[in-house]
Number of protein chains: 2
Amino acid sequence: MTKIVIVEDDVFLQEELMDILNKAGFEVEAITDFHHIVKEVVTLAPDLVLLDINLPVQSGFEICKSLKLKGVGPILILTSRDKLQDELHGLELGADDFLTKPCHKDRLLARIHNLLRRYKGQPELIRSDNFSLDPNTFTLYKESQSIVLSTNEGKILLALLQNQPEIVSKSELNKLLWGTDEYIDENALQVNLTRLRKTLRQVGLENVVETVRGKGYRLRG
Amino acid sequence: MTKIVIVEDDVFLQEELMDILNKAGFEVEAITDFHHIVKEVVTLAPDLVLLDINLPVQSGFEICKSLKLKGVGPILILTSRDKLQDELHGLELGADDFLTKPCHKDRLLARIHNLLRRYKGQPELIRSDNFSLDPNTFTLYKESQSIVLSTNEGKILLALLQNQPEIVSKSELNKLLWGTDEYIDENALQVNLTRLRKTLRQVGLENVVETVRGKGYRLRG
DNA sequence: CTGTACCTTACATGATTTGTAAGGTTATTG
DNA sequence: CAATAACCTTACAAATCATGTAAGGTACAG
């Protein structure tokens, strides 16, 4: 069943939304702990996220951006503010649609169905500024080009994407590739990084993987 | 450059839109012959279509539906009517977004950029009823699953998809795989078909490649 | 300049893909 | 129902591709 997660601190509205969506045949979950929204939403792996902007701990805009980086699919921002600036900002940060409260039940459902229809059959993609990665097959998309990475290349790039824009240490990458950091040949990771960069260059992605001397690697952008 | 096609019969508004979009750096074309809108738009192959609902010859809704069937990418409906029913109808017929006139220039541009962003970096996918195929990397998508086919498997499936629902002869497939039909071992194609079917079964696609005895193969669906 | 951290290239091993061969199954026809 | 042709499956070996290792090179900090 299609699962929708609601991020809304107004309990009354939350109940109302859950009711509407339940009646429309969706499986609905609401976030309760507003300190770990991103983590919780990612764990729930919803088909769509209904996101309020006015949230107690963190702004909905920040949440939106983080969720998009984690590859969480369609986000519909729902807010009581009726400011154009908010809408522009929201769309810029990666929201897929934007509705202002109060909003007619049918309009909400139509927009939700519209987003779901467009995402269905589409690959789950983790996006960066210039490219996207299918975390399943390690297929990389850049504009109209696409290329399949090898297992190791894909694992490294995925880790960098998921931790963007943080630095990922060599130790973490070693664990990721071979299950342990106590691997003998320290050079193996280097070689795999070289290979990844070479492959990225094939689709015109130069200087994407940045070296932070003594710390590790991170994605540039 | 990104090309936007405007379908709008109000000349004044048309000019205004062209001006806004040109200044925003888009290549803009406007439809002049309202009797052959669909054909003209398909020929222009735009990156986005701006579509009015109140059109002289045919309703914008019909146009929208036809364009979507032709695979024309994102359609933004722009109309002076402010009726919820119109919006619901438009979204149902496959429109990707909906705005009511009068509309602030920045909101229009934000929505356009949003649609383009979502379509960009998305793989070019050839779709069937149950699955899609990236013709470039031979990555197959079925619901939330994805799998990379081998070169030969991919070539065969792509040919079947492109000729759907026609039959593709063995001779054509031989030419596709080895450049010539006069290949000695007639069995090689068989083996590759068996492999393709086995791979398809891995993602739950049973009986997708149908054998037409004496004629060739075709996609079922 | 020196040392350390990082990068690159080449090569051998192991995994995957692919053509070939051999034999089995299914459908049509007399 | 038997004979035949079209099609399917499995197993194996050669070719291709991915990956760890080794050896040597480059860049940066002190």
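The name an unreviewed UniProt entry gives chain A is Response regulator transcription factor, with Pallidibacillus pasinlerensis as the organism. In its Subcellular location (unreviewed entry) section, the UniProt entry covering chain A states "Cytoplasm".

Enquirer: Which residues make up helix 7 (residues 170–178) of chain B, and what values do they have?
Expert: Residue and element names in this part refer to chain B. Looking only at helix 7, the buried set comprises Leu173, Asn174 and Leu177. One side of helix 7 carries all its buried residues, which in axial view fall inside an arc of 105°. Contact partners of the buried residues in helix 7: helix 6 (151–162), helix 8 (187–202) and strand 11 (216–219). Where helix 7 ends, the next residue or the one after it, Gly179, has phi of about 80°, a positive value.

Enquirer: I'd like to hear about the protein's contact with DNA strand C, residue by residue, with values.
Expert: Surveying the vicinity of DNA strand C reveals 23 residues, the closest of which are Arg197 and Thr211 of chain A together with Ser150, Trp178 and Arg195 of chain B. Gln190 of chain A has a polar side-chain atom sitting 3.0 Å from a phosphate oxygen of DNA strand C. Thr151 of chain B is positioned such that a nitrogen or oxygen atom in its side chain is 3.5 Å from a phosphate oxygen of DNA strand C. Counting residues per element, the ones that place at least two in the surface near DNA strand C are helix 8 (187–202) of chain A together with helix 6 and helix 8 of chain B. Looking at the surface near DNA strand C element by element, the count peaks at six residues for helix 8 of chain A. Classifying every residue of the surface near DNA strand C by side-chain character gives six nonpolar, 10 polar and seven charged.

Enquirer: Describe the protein's contact with DNA strand D, and please don't skip the residues or the numbers.
Expert: Neighbouring DNA strand D are 23 residues, the closest being Ser150, Trp178 and Arg195 of chain A together with Arg197 and Thr211 of chain B. Each atom of DNA strand D within 4 Å of the protein was classed as base or backbone; sugar and phosphate made up 56%. Contacts to DNA strand D include Arg195 of chain A, whose side-chain N or O atom sits 2.5 Å from a base oxygen. Side-chain polar atom of Thr194 of chain B to a phosphate oxygen of DNA strand D: 3.4 Å apart, as the coordinates give it. When contributions to the surface near DNA strand D are tallied by element, the ones reaching two or more residues are helix 6 (151–163) and helix 8 of chain A together with helix 8 of chain B. Classifying every residue of the surface near DNA strand D by side-chain character gives six nonpolar, 10 polar and seven charged.

Enquirer: If you had to explain the packing of helix 6 of chain A against helix 7 (residues 170–178) of chain A to someone new, which residues and values would you point to?
Expert: All names here are of chain A. Two elements in contact, helix 6 and helix 7, have axes separated by 10 Å at closest approach and are oriented at 140°. Comparing the axis directions of helix 6 and helix 7 gives the class oblique. At the point where helix 6 passes helix 7, the crossing takes the right-handed sense. Across the interface between the two elements, Asn152, Lys155, Ile156 and Ala159 from helix 6 touch Leu173, Leu176 and Leu177 from helix 7. Here the contact of helix 6 with helix 7 is composed, by residue class, of five nonpolar, one polar and one charged.

Cut-off values and rules
- Residues numbered from 1 in each chain as written.
- Chains lettered and ligands numbered in written order.
- Predicted model: local features only at pLDDT ≥ 70, side-chain atom pairs only at ≥ 80, totals over all residues.
- Heavy atoms only, no water.
- UniProt positions renumbered as here; feature names shortened; annotations may be inferred.
- Buried < 20%, exposed > 50% of the residue type's maximum accessible area, 1.4 Å probe, protein only.
- Helix = DSSP H or I, 4+ residues; strand = E, 2+ residues; numbered from the N terminus.
- Arc of directions from axis to C-beta.
- Contact = heavy atoms within 4.5 Å.
- Near = heavy atom within 4 Å.
- Polar contact = N/O pair within 3.5 Å; in protein donor to acceptor, adjacent residues only side chain to side chain.
- Nonpolar A, V, L, I, M, F, W, Y, C, P; charged D, E, K, R; others polar.
- Axes fitted to C-alpha atoms, helices over the stretch in contact; angles between N-to-C directions.
- Parallel < 35°, antiparallel > 145°, perpendicular 65-115°, else oblique.
- Left-handed = near helix turned anticlockwise from the far one by under 90°.

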